[in-house]
Amino acid sequence: MERLEIISPDDWHLHLRDGAMLKAVAPVSAAHFSRAIVMPNLVPPVVTGDDARRYRERVLAALPEGSTFEPLMTLYLTEDSDPDDIETAAKSGLIKAVKLYPAGATTNSQSGVQNFDKVRGIFERMAEIGLPLCIHGEIADNDIDIFDREAEFIEHVLDPVRQTNPELRIIMEHVTTSQGIDYVKSAETGLAATLTTHHLVINRNHILAGGIRPHYYCLPIAKRESHRLALRAAATSGDPRFFLGTDSAPHIDTAKQSSCGCAGCFTALNSMNILAQVFEEEQALDNLEAFTSLNGPQFYRLPANQTRLSLVKQKEPVGFPTNIPTDGGPVTVFDPGFPVFWTVEAT
Ligand code: NCD
Ligand code: ZN
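Residues numbered from 1 in each chain as written. Chains lettered and ligands numbered in written order. Predicted model: local features only at pLDDT ≥ 70, side-chain atom pairs only at ≥ 80, totals over all residues. Heavy atoms only, no water.

**Q** Whenever I open this one, the pairing of strand β2 (residues 10–14) confuses me. Can you help?
**A** On a regular strand, one side chain projects to one face of the sheet and the next to the other, so that they alternate. Taking burial as the measure, the 5 residues of β2 include 5 buried ones, the bulk of the element. Inspection of the sheet shows β2 paired to strand β3 (residues 35–38) by 3 bridges, in the parallel sense. By the bridge assignment, D11 is partnered in β3 with A36. In this fold, β2 hands off to helix α1 (residues 19–32), which returns the chain to β3; that crossover is right-handed. (Buried < 20%, exposed > 50% of the residue type's maximum accessible area, 1.4 Å probe, protein only. Helix = DSSP H or I, 4+ residues; strand = E, 2+ residues; numbered from the N terminus. Pairing = 2+ DSSP bridges. Right-handed = clockwise from strand over helix to strand, strands pointing away.)

Now the structure itself:
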């Protein structure tokens, strides 16, 4: 038996939703993760400090008795967002980041930013107060091929934003391409990236070859194998610019298995198990703690967790439930498609 003890992990990109779904998935994340950056793309979105305060209360109410899980709140950036409200929410400690969705890029992003000139003042204020910006880095333009949207975004949006606001600290979220990895590596300071569990595991063949598999459909969409390999190399390298953001994004099965299925993989339940397997395969178990527990807090300028978590390698593959029940219907759990031998013990 092999045992690996690490500082408790955080999830730097998580969708907890609201209502019945929140009640079902919050305990799942809290079982393995100490903190999470909670995405604000509810309907309607979490735009103001007051929205975030109320949403935080609902998240806390959905946690099991005695849970110490800490939701790190974010605000959804709109062209009408108020820089004073953002500053107040940041200075009170309520929010840890602002999230930028290009309008139309993904689930519930209708209220996102279309004209980047309109949020220039907000970027300046955020740079001034040291509040990081989380970016969904895809061009939302139907003329751009879905597999090219991340690379195009880097060139046409992200790089210009960084040139204009060199002091703004940016997290390029759920990077899915080698261009994204190279771009993050090219920056000395002020830029980091989250990587999801599922993008280390699947490429676009998993979604599309031999039948269409809606539970592997997420945004940004998984790319070809060479990109997956670049993501794995970055995640397992120990490079402090890369850390875990699962982007666990639950949708009920009927919303996924539809003629127009929603984007999102529900990975909160088995991410840590799968990551241990991936890092073992890459002979990089020594770097797992950096990826899940150290690099994120360092970039967000927060202390690492005090608690620890153990990963234990079993003789037989571990079974995961196919789905979890919610009051709205079942949510399918991400299937990595290979045997996973690692279990998790929170200590
Ligand atoms: C997310 C969701 O469902 O809210 N979906 C996804 O595929 N990742 C939105 C997002 O983060 O893009
Ligand atoms: Zn997301």
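**Q** I would appreciate a short explanation of the coordination of the zinc ion (ligand 2) in the present structure.
**A** Around a metal, the perfect tetrahedron of four donors has angles of 109.5 degrees, and the perfect octahedron of six donors has angles of 90 or 180 degrees. At 2.0 Å from the zinc ion (ligand 2) lie its protein donor atoms, namely H13 (NE2), H15 (NE2) and D247 (OD). Sequence positions of the donors to the zinc ion (ligand 2) reduce to the motif H-x1-H-x231-D. Linking H15 in the loop between β2 and α1 with D247 in the loop between β9 (242–244) and α9 (253–256), this pair joins segments that are 232 residues apart in sequence. For the pair H15 and D247, a shared accessibility class is recorded, and that class is buried. (Donors = N, O, S within 2.8 Å, 3.2 Å for Na, K, Ca; no water.)

**Q** For this particular structure, what's the right way to read the layout of surface pockets?
**A** Over the atoms, a rolling probe the size of a water molecule traces out where space has been left empty. For the largest pocket, the calculated volume is near 310 Å³. Here the lining of the largest pocket gets 3 residues from one element, more than from any other, and that element is α1. Considered class by class, the residues forming the lining of the largest pocket number 6 nonpolar, 9 polar and 3 charged. (1 Å grid on protein atoms, 1.4 Å probe; cavity = no way out; pocket = protein on both sides within 12 Å on 5 of 7 lines; lining within 4 Å. Points joined across faces, edges and corners; volume = space filled by probe spheres on them. Nonpolar A, V, L, I, M, F, W, Y, C, P; charged D, E, K, R; others polar.)

**Q** How should the sheet that holds strand β1 (residues 2–7) be read in this particular structure?
**A** Consider a sheet: its strands pair through backbone hydrogen bonds, and that pairing is either parallel or antiparallel. Pairing within the open sheet is antiparallel, and its 3 strands lie in the order β1-β10-β13. Each end of this open sheet is capped by a strand with a single partner; those strands are β1 and β13 (342–346). Recorded for the sheet is a direction-independent mean angle of 25° between the axes of neighbouring strands. Of the strand pairs in this sheet, strand β10 (residues 308–313) and β13 are connected by 5 bridges, and their pairing is antiparallel. Its bridge partner being in β13, L309 is matched across the sheet by A346. Across the sheet, helix α11 (residues 288–300) is in contact with β1 and β10; its angle to β1 comes to roughly 25°. (Axes fitted to C-alpha atoms, helices over the stretch in contact; angles between N-to-C directions. Contact = heavy atoms within 4.5 Å.)

**Q** What is the right way to read unusual backbone geometry from this model?
**A** At the junction of V43 and P44, the peptide bond is cis and its omega measures out at -5° in the coordinates. Relative to the helices and strands, P44 is located in the loop between β3 and α2 (49–61). The amide bond that connects L219 to the next residue, P220, takes the cis arrangement and shows omega of -5°. Note that P220 resides in the loop between α7 (204–208) and α8 (225–236). Of note in this structure, R17 is not a glycine but carries a positive phi near 60°. Of note, R17 is situated in the loop between β2 and α1.

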